[in-house]
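Geometric and topological summary
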Amino acid sequence: MDGKKIMAKAYLWLLLVVLYAPIAFIVVFSFTEAKSLGNWTGFSTQLYKNLFTGSMQNSSGLLAAVNNTLIIALVASIFATVLGTIAAIGIFHLRGRKKQTMTFLNNIPMINPDIITGVSLFLLFVFLGISQGYVTVILAHITFCTPYVVLNVMPKLRQLNPNIYEAALDLGATPAQALRKVLVPALRPGMISGFILSFTMSLDDFAVTFFTRGTIGLDTLSTYIYADARKGGLTPELKPLMSIIFLVILVVLLVINVRQSKTSDNQR
Amino acid sequence: MNKRSSWALPYFIFLVLFVVLPLLLIVMYALQDGSGRFTLDNVAKFFTDKDSLSTFALSIEVAIENTLLCILIGYPAAFILADNKLNRSAVTVVLFILPMWINALMRTLATAELFNMAGIPLGKGTLLFGMCYDYLPFMIYPIYNQLKKMDKSFAEAAQDLGATPRQVFRKVTLPLSMPGVWSGVMMVFMPTVSTFAISEFLTNNKIKLFGTIIQENINNSMWNYGAALSLIMLIIIGLTTALQGGEQTEEVSGGLI
């Protein structure tokens, strides 16, 4: 039994080492000044300084890309959370064929690979004659984020006592008040996880943005990296930037998980 | 009660406009020539063009190999993670899921650079390794979830009735974990076929996958042919989803209770 446990642990750790090798590689080489990855020219925090003071070649491009990425992710996930929560309440109260149809439609964006979502929305904007840019990218991101909000809010609706909304109305609340004071607090955990999921998926997206950003030179971090890598010379300051993003995500995920396992321990 | 069901209406309109209509437009553009007349030429072009066909075959091949590789490596990992006796730490689980949340382009670039530094030439081998590296968490996570929510008393009952550990796994645990494997396959197979940037980075543009030729056609304003290629991919998605349909409904209704 003990031997089995050691084997199992060894397997997990071996996989983790392989999975994290490239990430560790970036982090290590973010502390040297060399232009190309894998070239060590001594320890230096110069790249971090460049990143924060904005003193680098083509700094406006990279900083604008970071800005765009954050703004698009924030706006898209706020809209997706609102739209998805209202939709989840509606779908929850639908019955029969209508419910099946909505569930089916809600599944499509999750099943579609990014490239199909991207191409199909590109054709939509071409067909409708809408010039592509910020707005179309945000609309596209709302499209692939909202289903995940619906999916995260649904279980909270099932846990909810179906009578408390009616009780609020009976006690004289308007539907808007009942939504704000009764439903939203009860659904909040699902809304928050839906929002976080939307935000990270939007940050991560490449293909959908690539097809819906148009030709006005709008870049997110992903499209910037893609263009940069195709040109051959990766901006060195991307290394510290990636390291910081990695660290932030690591901390956020660990905090969320430790908190979750704590609350579930308390419930036990 | 009924009034709240109308809250689904705005999202219904949104879905029709941004999901259904765009998919219909893929079909429409695929069946039109440049001037908007009906034609089957675009679809016919795919089936007669050697380059497109061989790229398509290669993409399917790589996707199958990658999916199998992910199951082979990912299933044991998910199994160990979900087993209370072998793993008690939630942090290990987070560490396996974490790469899913990091920009795939960054990770892929780093992988390619790591190959460069090690002096390994970029090609099919590095493509498979890199793809597996990119998609492994997407296989581990659904299988882990499925194993975690599985009722342990089934396996215990089988054991009590005299099944060997091997039999318990083959006849109880494995069948019960299949919905998780299927979700993993869905999350690995189609994205592998359709990826474009990842395959370009990992092979230094030497190997093209199906996603790359769709992207090239769309970007070079050959929308109709690009749409036809997308349509072929849509049909495959439809088929794989239909194949998987039975499993999925079970899983959804299971979640409802």
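All figures in this text were calculated on a predicted structure; none of them were measured in a lab.

This part covers the overall build of chain B. When helices and strands are counted, chain B shows 12 helices and zero strands. Mapped in sequence order, the helices and strands of chain B form the string α-α-α-α-α-α-α-α-α-α-α-α. Across the 257 residues in chain B, those meeting the buried criterion constitute 44%. Contacts in chain B between residues far apart in sequence, at least 24 positions, make up 73% of those at least 6 positions apart.

The subject of this paragraph is the overall build of chain A. A count of helical and extended segments in chain A gives 11 helices and zero strands. Ordering the α and β elements of chain A from the N terminus gives α-α-α-α-α-α-α-α-α-α-α. Taking the principal axes of the C-alpha coordinates as reference, chain A spans close to 70 × 65 × 35 Å. Long-range contacts, defined here as pairs at least 24 residues apart, represent 76% of the contacts in chain A between residues at least 6 apart.

The next thing to look at is the nonpolar core. If you look at the biggest cluster of nonpolar residues, it comprises 139 residues, and the most contacted ones within it are A:Val119, A:Leu123, B:Ile26, B:Ala78 and B:Ile140. Both domains that furnish three or more residues to this core are identified here as domain 1 (1-55 + 238-268) and domain 2 (57-235) of chain A. Not counting residues within four places of it along the chain, the set of residues in contact with B:Ile140 comprises B:Gly74, B:Ala77, B:Ala78 and B:Phe96.

Residue-level contacts link 57 residues of chain A with 65 residues of chain B. Among the secondary structure elements, those contributing two or more residues to the side of chain A that touches chain B are helix H1 (2-29), helix H3 (59-93), helix H4 (96-111), helix H5 (114-128), helix H6 (134-159), helix H8 (175-204), helix H10 (221-231) and helix H11 (238-267) of chain A. Of all the elements, H1(A) adds the most residues to the side of chain A that touches chain B, at 12 residues.

This brings us to the environment of B:Pro99. Checked against the element boundaries, B:Pro99 lands in the loop between helix H5 (90-97) and helix H6 (104-118). Measuring from C-alpha to C-alpha, the distance between B:Pro99 and B:Tyr135 comes to 9.3 Å, with 36 residues separating the pair along the chain. Among residues more than four places away in sequence, those in contact with B:Pro99 are A:Leu19, B:Arg107 and B:Pro137.

Looking now at the domain arrangement of chain A. When the domains of chain A are assigned, the result is domain 1 (1-55 + 238-268) and domain 2 (57-235). The gap between the C-alpha centroids of domain 1 of chain A and domain 2 of chain A is 27 Å.

Quick notes on the rules
- Residues numbered from 1 in each chain as written.
- Chains lettered and ligands numbered in written order.
- Predicted model: local features only at pLDDT ≥ 70, side-chain atom pairs only at ≥ 80, totals over all residues.
- Helix = DSSP H or I, 4+ residues; strand = E, 2+ residues; numbered from the N terminus.
- Buried ≥ 20, exposed ≤ 12 C-beta atoms within 10 Å, placed from the backbone.
- Contact = placed C-beta atoms within 7 Å.
- Core = buried A, V, L, I, M, F, W, Y, C linked by C-beta atoms within 7 Å.
- Domains from an automatic or database assignment.

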